[in-house]
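Observations on the model geometry
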Amino acid sequence: MPIKQIINYNSDNTYFAGFLQTIINDSQINASVDQKNNKIELLIDTTDEKKLEWFNENLAKYLPHSIFLGEIETLNSDEKIVQSNFQSDDYNIAPCPKCLELIQDPSSQYYLDESLQCTHYNNKGKIYQDFTIYSPHYSKNSAVLITNSEKIDELFILTDDEIKALFSIEKPTIKATIKDETLKNLTGKNYIFIKAPYNNRSLLASTNAKESGVDYLFFEDTNDLKVIVVQQNKTIIKASRIAKELEALNDDSVLNRFLNISKEAGFNQSAIGANLSLDGISFIVSNEVGIKEVIQFQEFNLDTMLEQFKVDSKRVKLLENFSKKYPNIVEEFENNSNLNLFETIAAILELKEKDFEAVCDKGYEFRGNGGLKIDTNFNEDGFDYSGFIGSIISFKLAGVEEHYLAYSIFEALADMSITTLNQLKEKFKIQNILMMGDIFENSVLYSRILSKFQLSNPYFSKDIALNE
């Protein structure tokens, strides 16, 4: 009697089914594989025990892990097996286990051959160009290429799910906590983006480095596949490969992404969502009437915010006290009036780097539970930036530690989003909720929304990047 496996696959990419077809062919087993959208069906003849054992050995050896792999259901079946010849499209994925053997085996004709084309998922073998430079020397904002996977636990603190994602066939870039003191001193960081070898070029660079006793190299990451792993969620933040390409459903790029994620989620009639993006935060509603950003944060302007401080009796006093205690920060404001929101926050926290990543990293240093209550209110102009920044300044003056304050900022933005979405749910009578935007790169905010908004079951795309 055949065995049927139904594999839930959170993507319509066909390479995973293609690997299964190649393993079927190589094992000479009577079996078939097919993929319809996000379901892969595998039907296997179990009567020939020798071929079945061979098939299972090849699965263990050559079937890579995928970040899109979901639950697998195994059933007995009386279906007749019609041997398949599943053909996959080509994808810009990492060298598969068979390619790794060919490139790294000195007896192989493809030994150290960067031009090897992977055809091991029943594809044609398209060439993807890459001109990335890898260096043993760190430069600002570099990511880490892992060259010695055996040292991963010595270098970084990672969960099992993060390790699985890191070494999946997609090879995403993820942020890791640095464990190795040498690497901390070299980079001046506690957290850094890391990646395993993701193509032939990076594989050869890592092989040479490992043979020379170098466990990692540095390179400039291009956000080709930036992923965050939070609880059981593996979410693509930005991508130029592997992620699903957007359909043209709306001329506005933000609304178009919203509609594409809505379609993936099956929210075809109506949905509300939060777009928490560094390019601008907004809240979106779509229904039978149309789609619109019903709340859109105005652009942050440091000069405007400081002027608002000066015409408010309480906040002008706050600014005076802040100027006395931290004249260097106020001077930085006056000399850099074009600072954006997170650059301004980084300046208040006196961080070395003045950007979103620096504020994120500082917040990760806090290991407790429960943040401070930072003002995230709205006024007639939109979001009350002066109240938000004023609240942060007040806690800074009160001597709150910077890592606790940074942590609290992201919790506050999460709570503001939950409150706003609940109000929109009530007003528009819509239950379908989705999330998008690159601020979800911050795991504090992401985790807060998952835990505090759990009953509303907010949808995070499985296959579409949350931001351009």
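Bear in mind the structure is a predicted one, so any value in this text is a computation, not a measurement.

Rules used in this analysis
Residues numbered from 1 in each chain as written. Predicted model: local features only at pLDDT ≥ 70, side-chain atom pairs only at ≥ 80, totals over all residues. Heavy atoms only, no water. Helix = DSSP H or I, 4+ residues; strand = E, 2+ residues; numbered from the N terminus. Rg over C-alpha atoms; globule rule 2.2 N^0.38 Å. Buried < 20%, exposed > 50% of the residue type's maximum accessible area, 1.4 Å probe, protein only. Salt bridge = Lys/Arg side-chain N within 4 Å of Asp/Glu carboxyl O. Axes fitted to C-alpha atoms, helices over the stretch in contact; angles between N-to-C directions. Parallel < 35°, antiparallel > 145°, perpendicular 65-115°, else oblique. Left-handed = near helix turned anticlockwise from the far one by under 90°. Contact = heavy atoms within 4.5 Å. Nonpolar A, V, L, I, M, F, W, Y, C, P; charged D, E, K, R; others polar. Pairing = 2+ DSSP bridges.

1. Comments concerning the overall build of the chain
Helices and strands together make up the secondary structure of the chain, namely 16 helices and 18 strands. Rg of the C-alpha trace for the chain: 25 Å, near the compact-globule value of 23 Å for 468 residues, within the 12% margin. Counting only C-alpha atoms, the chain reaches 85 × 60 × 40 Å along its principal axes. Within the span of the chain, comprising 468 residues, buried residues form 52% of the whole.

2. A few points about the pattern of salt bridges
One pass over the structure, following the stated rule, counts 25 salt bridges. Between Arg201 and Glu114 there is a salt bridge; the shortest N-O distance is 3.9 Å. A residue pair is termed long-range when its members are at least 10 positions apart, and Arg201 in helix H7 (residues 200–211) and Glu114 in the loop between helix H3 (97–104) and strand E5 (143–146) qualify at 87 residues. Note on Arg201: relative accessible area 27%, which makes it partly exposed. Two residues, Lys263 and Glu247, come together in a salt bridge whose shortest N-O distance is 2.9 Å. Separated by 16 residues along the polypeptide, Lys263 in helix H8 (residues 253–265) and Glu247 in the loop between strand E11 (233–239) and H8 bring together distant segments of the chain. Using a relative accessible area of 43% as the deciding quantity, one classes Lys263 as partly exposed. Each of Lys4, Glu41 and Glu79 takes part in a single network of salt bridges with overlapping partners.

3. Examining the packing of helix H12 (residues 341–348) against helix H14 (residues 385–397)
Interaxial distance between H12 and H14 falls to 10 Å at its minimum, and their mutual angle equals 15°. Taken together, H12 and H14 sit at an angle that is classed as roughly parallel. Regarding H12 and H14, the two cross each other, and that crossing is right-handed. On the side of H12, the interface is formed by Leu341, Thr344, Ile345 and Ile348, while H14 contributes Tyr385, Phe388, Ile389, Ile392, Ile393 and Lys396. Here the residues of the contact of H12 with H14 are counted per class, giving eight nonpolar, one polar and one charged.

4. Focus: the sheet that holds strand E13 (residues 280–286)
Spatially, E14-E13-E12-E17-E18 is the arrangement adopted by the five strands of the open sheet, whose pairing is mixed. Because the sheet does not close on itself, it has two edges, and the strands there are strand E14 (291–296) and strand E18 (459–460). Strand direction decides the pairing type here: strand E12 (residues 271–277) and strand E17 (residues 433–436), joined by four bridges, are parallel. Along E17, the bridge assignment pairs Ile272 with Ile433. Packing against the sheet, H8 makes contact with E12, E13, E14, E17 and E18, and its axis sits at approximately 130° to E17.

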